[in-house]
Amino acid sequence: MDKLRKLNPFIRISLTLLLIFQSCKQKELISEDGRGLIADKAMVVSAREEASRIGLQMMEKGGNAFDAMVATELALAVAFPFAGNIGGGGFMVYRLNDGSTGSIDYREKAPLAASRDMYLDENGEVIPGLSTLGALAVGVPGTIAGVFEVHRKLGSLPIEEILAPVIELAEKGVVVTENQEKRLANNRADIIKISGEKTLFAQEFKAGDTIKYPALAETFRRISKNGRDEFYKGETAHKLVAFIQANGGIITLEDLEQYEAKWRQPIRFGYKNYQLISMAPPSSGGITLAQILGMLEPFDLKSMGHNTPNYIQVLTEAERRAYADRNYYLGDPDFVEIPIEALLDKDYLNERMANFNPEKATLSSEISRGMIQFAESDETTHYSIVDQFGNAAAVTTTLNGAYGSKLYSDELGFFLNNEMDDFSAKIGIPNMFGLIGAEANSIAPGKRMLSSMTPTIVEKDNKLLMVVGTPGGSTIITSVLQTILNVVEFGMTMQEAVDAPRFHHQWLPDLINFEPEGFSSEVLKELKNKGYIINEGYTPILGKVDAILVMPNKKLEGGADRRGDDAAVGF
């Protein structure tokens, strides 16, 4: 990576001029054949254009994908406080231009004072809201540790240079979109309940308003000057701990001082002629995705046709079985032993599908975990990056619920997560997203909670093909799955693959969720006739996938999900 650290000044200037020219042309670059934004060299796709542009700006300056990662991550804390954060955590999977891969886990941890039954009453029942709202729901944040560790190992630009436009964005403010107006309105009552009537987000913001974040700008200034330790040991740490404890939380300075992001080996696996690199535990994403694709590999999905009843059925049955395993076996690998090899063994996966009957549904009550000799939010965010050197980063980050615990520090300028709900508060009882947890994901001091985040990179012929991921809680894995299959099985463009309607099954509850208006009544009727239970009630959108495809001509196509304010930018 050293050769990336020093670029000829002429190249830097050339890239800058090229970016300025291409930025003016971006709307014209969107082709008429269903493709998203096309770029020659580098691209960022994220939940907000402001964040994507700041990430791209780092590569414009001659920086690499990892400089762009730090910039995009921190810019999302400003532009997309719904899920972008410095009070949460996440995962990154990366691939360098020489083909080497890796991943980093900056998932939150349980405080040292946490205990297995901390959310149960005297009768052993879960106390509603305790693990989702307020300071007791907060896990030890990992985002700042994560971005600084990525920068230390893989970055090239000075951290002050990366943070400068983020600080400027916080001071200048971000324009509220219609989607953001709705999200804030939907969560305002809870934010006021937890953070009081004088907090910034107690006021009503309308589309077109500008929200400025002077407190967050000041926090970033201190971090820019003092580095990672500012957040975990410095003035910011002391203010954060005092704020959390004043609101009834249990995080201490010792919790912050002890926090470390961890480099982990990603999950690598094959599907037909493709190789996939995805996140390992404490994310369940990589293993569950690998299990589903392993069960699907013997089937001719292409001949079934996209989103036909037969296609939906076979995906549903593979998902049902993989989620049953997820919920039982997976947790923090530093605390529990996970039988990864056995879970991904081809004979085991074939055996899991042995009772599949194309004529009728398998009931989830008939499916338990596989025998060998397992919480997550709807409100996460993902971004994908490819740089001009051929490096790629897939990054998913979260506060867990919308605006996390709804606890907002007006002094520091950010929301805190409610990630503790991703543990099994009580074995066998579903969390806020319906996921059932087991012993492997029980609460313990210093333990990382299980996640569904699935940042993923796809290779073909040992070359980079796709960078993909999404928010969506328990639907993350199935949204990533379908997006990948849309490209590799059905030949869709990246934009078409991202925009296609999606469906989801997670073992329990035994329902198939379909995106509204994406599927015909005939398709649903045929599935019902086979015994499938269709969720007839409210079904939200399933994920907001942001992805990049390397086209045969080596150009990059961005797929920015139509379901949100997501934007691809590139040069």
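This one's a predicted model, so the numbers in the text were calculated from it and none came from an experiment.

Description of the environment of leucine 399
Right, on to step 1. Among the structural elements, leucine 399 can be located in the loop between β11 (392–398) and β12 (407–409).
Right, on to step 2. A relative accessible area of 1% means that leucine 399 is categorised as buried.

Focus: the packing of aromatic side chains
Right, on to step 1. Overall, the coordinates contain 21 aromatic pairs when judged by the stated rule.
Right, on to step 2. Geometrically, the ring pair formed by phenylalanine 80 and phenylalanine 82 is edge-to-face, given 5.6 Å between the ring centres and 65° between the ring planes.
Right, on to step 3. With relative accessibility at 9%, the residue phenylalanine 82 sits in the buried group.
Right, on to step 4. On the basis of an interplanar angle of 50° and a centroid distance of 5.2 Å, the ring pair of tyrosine 403 and phenylalanine 415 is categorised as tilted. Of this pair, tyrosine 403 sits in the loop between β11 and β12 while phenylalanine 415 sits in strand β13 (residues 414–416), and the two are 12 residues apart along the sequence.
Right, on to step 5. Taking relative accessible area as the criterion, phenylalanine 415 reaches 3% and is therefore assigned buried.
Right, on to step 6. Ring pairs connect the aromatic residues Phe80, Phe82, Phe201, Phe205, Tyr213, Tyr403, Tyr408 and Phe415, which therefore count as one cluster.
Right, on to step 7. The positively charged end of arginine 228 is found above the aromatic ring belonging to tyrosine 232, 4.4 Å away from the centroid.

Thoughts on the sheet that holds strand β10 (residues 380–386)
Right, on to step 1. As summarised here, the arrangement of the 7 strands in space is β7-β4-β3-β11-β10-β2-β20, forming an open sheet in which the pairing is antiparallel. For this open sheet the edge positions go to β7 (262–264) and β20 (567–570), each flanked by a neighbour on one side alone. For this sheet, the mean inter-axis angle between neighbouring strands, taken without regard to orientation, is 15°.
Right, on to step 2. Pairing of strand β2 (residues 43–46) with β10 involves 3 bridges; the strand directions are antiparallel. Across the sheet, methionine 43 pairs through a bridge with valine 386, a residue of β10.
Right, on to step 3. Sheet contacts for helix α4 (residues 65–79): β2, β3 (89–95), β4 (101–106), β10 and β11; angle to β10, the most-contacted strand, approximately 155°.

Regarding the pairing of strand β19 (residues 556–560)
Right, on to step 1. Here β19 lies mainly inside the structure; 5 of its 5 residues are buried.
Right, on to step 2. Where burial is concerned, the two faces of β19 agree: the one with Leu556, Gly558 and Ala560 and the one with Glu557 and Gly559 are both buried.
Right, on to step 3. Where strand β1 (residues 38–39) lies against β19, 2 bridges are found, and the strand directions are antiparallel. Each residue of the ladder has a partner; that of isoleucine 38, found in β19, is glutamate 557.
Right, on to step 4. Pairing of strand β18 (residues 546–550) with β19, which is carried by 5 bridges, proceeds in the antiparallel orientation. Directly across from aspartate 546, in β19, lies its bridge partner alanine 560.
Right, on to step 5. The hairpin formed by β18 and β19 contains 5 residues between the paired strands, and lysine 554 there has a positive phi angle of roughly 75°.

Quick word on the sheet that holds strand β15 (residues 463–468)
Right, on to step 1. The antiparallel open sheet is built from 7 strands, whose spatial order is β1-β19-β18-β15-β14-β9-β8. Two strands close off the open sheet at either side, each with one partner strand: β1 and β8 (267–271).
Right, on to step 2. Along the sheet, helix α12 (residues 285–296) contacts β8, β9 (274–278) and β14 (456–460); its crossing angle with β8, the most-contacted strand, is approximately 15°.
Right, on to step 3. Packing of helix α17 (residues 476–488) onto the sheet brings it into contact with β8, β9, β14, β15 and β18, and relative to β15 it is tilted by some 140°.

Topic: the UniProt feature "active site" (unreviewed entry) in the chain
Right, on to step 1. Residues annotated by UniProt as "active site" (unreviewed entry) correspond here to Thr380.
Right, on to step 2. Topologically, threonine 380 is positioned in strand β10.
Right, on to step 3. Exposure remark for threonine 380: the relative accessible area of 2% places this residue in the buried category.
Right, on to step 4. Filtering out sequence-adjacent residues up to four positions away, threonine 380 remains in contact with Phe80, Ala83, Thr396, Thr397, Thr398, Met453, Pro471 and Gly472.
Right, on to step 5. Side chain to side chain, threonine 380 and threonine 398 meet in a polar contact 3.1 Å long.

With respect to the UniProt feature "binding site: L-glutamate" (unreviewed entry) in the chain
Right, on to step 1. If you check UniProt for "binding site: L-glutamate" (unreviewed entry), the listed places come out as Arg107, Thr398, Leu399, Asn400, Asp422, Ser451, Ser452 and Gly473 in our numbering.
Right, on to step 2. Tracing the sequence through the fold places asparagine 400 in the loop between β11 and β12.
Right, on to step 3. With respect to the element layout, aspartate 422 can be found in the loop between β13 and β14.
Right, on to step 4. Among the polar contacts made by the side chain of aspartate 422, one reaches the side chain of arginine 107 at a distance of 2.6 Å.

Quick look at the pattern of salt bridges
Right, on to step 1. Applying the stated rule across the entire model yields 36 salt bridges.
Right, on to step 2. The salt bridge involving arginine 264 is made with aspartate 105; its shortest N-O contact spans 2.8 Å. Here arginine 264, found in strand β7, pairs with aspartate 105, found in strand β4; they are 159 residues apart in sequence, far enough to count as distant. Residue arginine 264 shares its accessibility class with aspartate 105, and that shared class is buried.
Right, on to step 3. Ionic pairing is found between arginine 320 and aspartate 510, a salt bridge with its closest N-O pair at 2.8 Å.
Right, on to step 4. In the salt-bridge network here, residues are joined through shared partners; they are Asp105, Lys262, Arg264, Asp334 and Arg448.

Some remarks on a negative patch on the surface
Right, on to step 1. Taken together, Glu341, Asp345, Asp347 and Glu351 make up a surface patch of like negative charges.
Right, on to step 2. Relative to the helices and strands, aspartate 347 is located in helix α16 (residues 346–352).

Side note on the pairing of β4
Right, on to step 1. Judged by how many residues are buried, β4 sits mostly within the fold: 5 of 6 residues are covered.
Right, on to step 2. With 6 bridges connecting them, β3 and β4 associate as antiparallel partners. Looking across to β4, one finds that phenylalanine 91 is bridged to aspartate 105.
Right, on to step 3. The hairpin formed by β3 and β4 contains 5 residues between the paired strands, and glycine 99 there has a positive phi angle of roughly 90°.
Right, on to step 4. Pairing of β4 with β7, which is carried by 3 bridges, proceeds in the antiparallel orientation.

Regarding the packing of α4 against helix α6 (residues 159–172)
Right, on to step 1. Running from amino to carboxyl end, α4 crosses α6 at an angle of 20°, the nearest separation of the two axes being 9 Å. By the criterion of interaxial angle, the relationship of α4 to α6 is roughly parallel. Like other packed secondary-structure pairs, α4 and α6 cross with a definite hand, here right-handed. Residues Asp67, Val70, Ala71, Leu74, Ala75, Val78 and Ala79 of α4 form the contact with α6, whose own contacting residues are Ile159, Ile162, Leu163, Val166, Leu169 and Ala170.
Right, on to step 2. The residue inventory of the contact of α4 with α6, partitioned by class, reads 12 nonpolar, no polar and 1 charged.

The rules behind each value
Position numbers for residues start from 1 in each chain and track the written sequence from start to end. For this predicted model, a pLDDT threshold of at least 70 governs which residues receive local features, and a threshold of 80 or more governs which side-chain atom pairs are given and counted, while totals over whole chains, interfaces and linings are taken from all residues. Processing note: side-chain calculations cover all non-hydrogen atoms of the structure and skip hydrogens and water entirely. Only DSSP runs of H or I reaching four residues or more are called helices, and only runs of E reaching two or more are called strands; each is numbered from the N terminus. With a 1.4 Å probe rolled over the protein chains alone, any residue whose accessible area is under 20% of its type maximum counts as buried; one over 50% counts as exposed, and the rest are partly exposed. Note on aromatic pairs: the rings of Phe, Tyr and Trp (six-membered ring only in Trp) are paired at centre separations within 6.5 Å, and the planes decide the class, stacked below 30 degrees, edge-to-face beyond 60, tilted for the rest. Think of it as a cone above the ring: NZ of Lys or CZ of Arg counts as a charge over the ring if it is within 6 Å of the ring centre and within 35 degrees of the ring normal. Strands are treated as partners if at least two bridges between them are detected by DSSP. Axes here refer to lines fitted to C-alpha atoms; in helices the fit is confined to the stretch in contact. Angles between the N-to-C directions go from 0 to 180 degrees. Contacts are residue-level and defined by heavy atoms, with any inter-residue pair within 4.5 Å sufficient. UniProt positions are given in the numbering used here, feature names are shortened, and annotations may be inferred rather than shown by experiment. The term polar contact refers here to a pair of N or O atoms within 3.5 Å; inside protein, the definition further demands a hydrogen-donor-capable atom paired with an acceptor-capable atom, and it admits residues adjacent in sequence only when both atoms are side-chain atoms. Salt bridges are defined by distance alone: a side-chain nitrogen of Lys or Arg within 4 Å of a carboxyl oxygen of Asp or Glu. Without a salt bridge and with relative accessible area above 30%, a residue can belong to a patch; like charges are then joined within 9 Å and nonpolar side chains (Val, Leu, Ile, Met, Phe, Trp, Tyr) within 5 Å. Per-residue accessibility takes into account occlusion by the displayed protein chains alone, with areas from the Shrake-Rupley method and a 1.4 Å probe. Residues scored as positive are Lys and Arg, those scored as negative are Asp and Glu, and His as well as the terminal groups of each chain are ignored. Charged groups are reduced to one reference atom each: NZ for lysine, CZ for arginine, CG for aspartic acid, CD for glutamic acid. To sort the angles, those under 35 degrees are grouped as roughly parallel, those over 145 as roughly antiparallel, those from 65 to 115 as roughly perpendicular, and the leftovers as oblique. With the far helix as reference, a near helix turned anticlockwise by less than a right angle produces a left-handed crossing, and one turned clockwise produces a right-handed crossing. Think of it as three bins: nonpolar holds Ala, Val, Leu, Ile, Met, Phe, Trp, Tyr, Cys and Pro, charged holds Asp, Glu, Lys and Arg, and polar takes everything else, Gly as well.

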